[in-house]
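The primary structure of each chain is shown beneath.
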Amino acid sequence: MAVYVYRCAEHGVLDVVAPIGTAPATASCPHCAGPATRVFTAPRLSLGSAPARALLDRTERSADSPDVVARPPSPGRAPAAPRNPALARLPRP
């Protein structure tokens, strides 16, 4: 679901929730039942779920100033990827 913004000439801005891509050009104002025209705005990402907002905020913060590590990684063995049984049937060189 997406939030679309409409403007009534008498009552100002109102929000309408509708499936993505199904917003009509006009909607009726809940106060006066008059026509309210659609206003094109930036996507309202802040209305998403808390984990999605946190991910977007963390990604934006790390774009210019990535996290700094305290020390380089240990020279040990790299972690192995989980084995895929379908790959076992492939021919080996």
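Look up: the structure comes first, before these words.
(A) Summary view of the overall build of the protein. From N to C terminus, the protein includes one helix and four strands. Along the protein, helices and strands appear, N-terminal first, in the series β-β-β-β-α. For 93 residues, the compact-globule formula gives about 12 Å, and the C-alpha radius of gyration of the protein, at 25 Å, lies well above that figure. With respect to the principal axes defined by its C-alpha atoms, the protein has extents near 75 × 40 × 20 Å. Counting the 93 residues in the protein, one finds 13% classified as buried. Sequence separation of 24 or more characterises 25% of the internal contacts of the protein that already satisfy a separation of 6 or more. With an accessible surface of roughly 8,200 Å², the protein has 60% of that area assigned to carbon and sulfur atoms.

(B) Geometry of the pairing of strand β1 (residues 2-8). Taken across its seven residues, β1 has five buried, putting it largely inside the fold. Between β1 and the antiparallel strand that follows it, strand β2 (residues 12-18), lie three residues. The pairing of β1 with strand β4 (residues 35-39) spans four bridges and is antiparallel. Along β4, the bridge assignment pairs tyrosine 6 with arginine 38.

(C) How the structure looks around the pairing of β2. Both β1 and β2 contribute to a ladder of seven bridges, which runs antiparallel. Residue pairing across strands places arginine 7 opposite valine 13, the latter belonging to β2.

(D) Region of the structure containing the nonpolar core. In terms of nonpolar packing, the biggest core is built from ten residues, these being Ala2, Tyr4, Tyr6, Cys8, Leu14, Ala18, Ala23, Ala27, Cys29 and Ala36. Going through the elements one at a time, β1 and β2 are the ones with two or more residues in this core. Per-element accounting of this core gives the leading share, four residues, to β1. Every residue in contact with tyrosine 4, bar those within four places of it in the chain, is listed here: Leu14, Asp15, Val16, Ala18, Pro19, Ile20, Gly21, Thr22, Ala23 and Arg38.

(E) Main features of the sheet that holds strand β3 (residues 26-28). Reading across from one edge, β2-β1-β4-β3 is the order of the four strands in this open sheet, with antiparallel pairing throughout. With one partner strand each, in any of the chains shown, β2 and β3 form the two edges of the open sheet. Neighbour-to-neighbour, the strand axes of this sheet turn through a mean angle of 40°, independent of strand direction.

What counts as what
Residues numbered from 1 in each chain as written. Predicted model: local features only at pLDDT ≥ 70, side-chain atom pairs only at ≥ 80, totals over all residues. Heavy atoms only, no water. Helix = DSSP H or I, 4+ residues; strand = E, 2+ residues; numbered from the N terminus. Rg over C-alpha atoms; globule rule 2.2 N^0.38 Å. Buried < 20%, exposed > 50% of the residue type's maximum accessible area, 1.4 Å probe, protein only. Contact = heavy atoms within 4.5 Å. Areas by Shrake-Rupley, 256 points an atom, 1.4 Å probe, with all protein chains shown as cover. Pairing = 2+ DSSP bridges. Core = buried A, V, L, I, M, F, W, Y, C linked by side-chain atoms within 4.5 Å. Axes fitted to C-alpha atoms, helices over the stretch in contact; angles between N-to-C directions.

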